Amino acid sequence: MGKFINPFTDVGFKRIFGQEISKPVLITFLNSLLEGERRILDLKLLDKEQTGESADDRSLIYDVYCEVEGGERIIVEMQNRSQPFFKNRSIYYAARAISNQGVPGLSWNYGDVKAVYLIAFLNFTRSDISTDFRTDVGLVDMQHQTLFSDKMRLIFLQLPYFTKEVDDCETIFEKLIYVLKHMDVLQRMPWLAQDAVFQKLASIADVASLSKQERLAYDENLRKYRDTVAVMEGQYIEGMEKGMAKGMAKGMAKGLAEGKLEVARSMKANGVPDEQISLYTGLTPAEIEMI
């Protein structure tokens with residue numbers, strides 16, 4: 001067991017960003033993310049469960065949902081497994097946070113709609129989003145390439161693309177991303193003497209600070225997270241074995257090619273990022289896209 005909690009678990013992520021005591025960490029992160037655009041002085045955490053507008057609508061639950069001065073809403077999500085329609089899901093989540101601002105009655109005229117930001121930490125990569133660590137999406141006038149509206153903003157942070165080491169991190173944003181990505185293996189919190197946010201982070205993320213009930217919930221979350229990783233690795237091994245078996249029957253060259261495709265299909269079906277599939281199989285992105 002590491003010294004600090006694993007932020008990729010539900011309990012860990014919500015402890016770091018989704019409780020009253022952790023608001024200074026969340027505010028510092030948001031200000032570093034949006035540096036040069038705005039500065040947040042305070043925020044309030046909102047009910048994470050968003051009920052449907054009718055009995056037939058499904059409810060949804062955000063990881064972290066908050067409102068800042070001015071009324072803008074910010075959704076912060078952590079995702080561990082790749083999903084084929086993740087972009088659509090993100091748009092839907094943001095759109096629900098916009099539509100839920102509506103007020104019953106004829107007097108409401110849409111003039112008080114507040115901006116919604118969705119910030120997604122992705123513990124995987126998706127080529128249909130981008131091949132960059134950070135991707136910012138807004139509503140743009142396609143003809144003139146100008147901002148059409150600031151009411152919806154999607155920011156995707158693909159953690160596998162963040163490759164900076166501790167000595168390479170210069171900004172608070174880079175340092176926070178480094179800590180989040182490596183927190184479960186850190187033996188001490190870096191930059192403790194440089195910024196109070198890392199002192200705060202060290203205190204709330206220390207496994208020893210968990211209550212007995214919190215520790216039980218965290219251990220269960222950690223087990224599920226490790227099971228997910230193990231299943232993905234198992235699917236890769238199983239696909240490789242099937243591919244090799246077919247290869248023995250159909251000839252080395254042809255079988256090896258089919259084996260790679262079998263592995264790629266299995267990995268893709270289980271949400272493994274295209275970049276990792278390419279690394280393991282040697283298939284090109286175009287070949288993987290056609291599977």
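Residues numbered from 1 in each chain as written. Predicted model: local features only at pLDDT ≥ 70, side-chain atom pairs only at ≥ 80, totals over all residues. Heavy atoms only, no water.

J.: So what's going on with the pairing of strand β5 (residues 73–79)? Residues and values would help.
T.: Within β5, 7 of the 7 residues are buried, leaving the element largely enclosed by the surrounding structure. Pairing between β5 and strand β6 (residues 116–122): 7 bridges, direction parallel. The residue bridging Val76 from the neighbouring strand is Ile119, located in β6. You can see the chain leave β5, run along helix α3 (residues 86–99) and come back into β6, and the turn it takes is right-handed. (Buried < 20%, exposed > 50% of the residue type's maximum accessible area, 1.4 Å probe, protein only. Helix = DSSP H or I, 4+ residues; strand = E, 2+ residues; numbered from the N terminus. Pairing = 2+ DSSP bridges. Right-handed = clockwise from strand over helix to strand, strands pointing away.)

J.: I'd love a proper account of the packing of helix α2 (residues 23–33) against helix α4 (residues 172–182), names of residues and values included.
T.: Where α2 contacts α4, the axes come no closer than 8 Å and their chain directions differ by 125°. One way to sum up the angle between α2 and α4 is to call them oblique. Along this stretch, α2 crosses α4, giving a crossing that reads as left-handed. Residue-level inspection shows Thr28, Phe29, Ser32 and Leu33 of α2 in contact with α4, the latter providing Ile172, Phe173, Leu176 and Ile177. Residue classes in the contact of α2 with α4 are distributed as 6 nonpolar, 2 polar and no charged. (Axes fitted to C-alpha atoms, helices over the stretch in contact; angles between N-to-C directions. Parallel < 35°, antiparallel > 145°, perpendicular 65-115°, else oblique. Left-handed = near helix turned anticlockwise from the far one by under 90°. Contact = heavy atoms within 4.5 Å. Nonpolar A, V, L, I, M, F, W, Y, C, P; charged D, E, K, R; others polar.)

J.: Please provide a residue-by-residue account of the nonpolar core, values included.
T.: If you look at the biggest cluster of nonpolar residues, it comprises 52 residues, and the most contacted ones within it are Phe17, Phe29, Ile74, Phe121, Leu157, Ile177 and Met183. Those residues in contact with Ile177 that lie beyond four places of it in its chain are Phe29, Phe121, Phe133, Leu157, Leu159 and Phe162. By size, the runner-up hydrophobic cluster in this structure holds 19 residues, among which are Phe86, Leu118, Ile129 and Leu154. (Core = buried A, V, L, I, M, F, W, Y, C linked by side-chain atoms within 4.5 Å.)

J.: Quick one: what's the story with the pairing of β6, residue by residue and with numbers?
T.: Counting buried positions along β6 gives 7 out of 7 residues, so the element sits mostly inside the fold. The two faces of β6 match: Val116, Leu118, Ala120 and Leu122 on one face and Tyr117, Ile119 and Phe121 on the other face are all buried. Judged from the 7 bridges that link them, β6 and strand β8 (residues 146–158) form a sheet pairing that is parallel. Paired with Val116 across the two strands is Met152, which belongs to β8.

J.: Tell me about the packing of aromatic side chains, residues and numbers included.
T.: In the structure shown here, the tally under the stated rule is 15 aromatic pairs. The interplanar angle of 40° and the centroid separation of 6.2 Å between the aromatic rings of Phe133 and Phe173 together place this pair among those described as tilted. Placement of the pair is Phe133 in the loop between β6 and β7 (134–141) and Phe173 in helix α4, with a sequence separation of 40 residues. Three or more aromatic residues link up through ring pairs in this structure, and these residues are Phe13, Phe17, Phe29, Phe121, Phe133, Phe162 and Phe173. The ring of Phe173 carries the charged tip of Arg134 above its face, separated from the ring centre by 5.9 Å. (Phe/Tyr/Trp six-rings, centres within 6.5 Å; stacked < 30°, edge-to-face > 60°. Lys NZ or Arg CZ within 6 Å of the ring centre and 35° of its normal.)

J.: I'd love a proper account of the sheet that holds β7, names of residues and values included.
T.: What the 6 strands build is an open sheet, ordered β1-β4-β5-β6-β8-β7; its pairing is mixed. In this open sheet, the two edge strands, each paired with only one partner strand, are β1 (43–45) and β7. Taken over all neighbouring pairs, the strand axes of this sheet differ in orientation by 20° on average, direction set aside. Each of β1, β4 (64–68), β5, β6, β7 and β8 is contacted by α2, which is oriented at about 120° to β1, the strand it contacts most.

J.: Lay out the packing of α2 against helix α5 (residues 196–205) with the relevant residues and their values.
T.: Running from N to C, α2 and α5 cross one another at 135°; their axes reach a closest spacing of 9 Å. As far as their axial angle goes, α5 and α2 are oblique. Considering only the axes of α2 and α5, their crossing is left-handed. Here Pro24, Val25 and Thr28 of α2 come into contact with α5, specifically with Val197, Lys200, Leu201 and Ile204.

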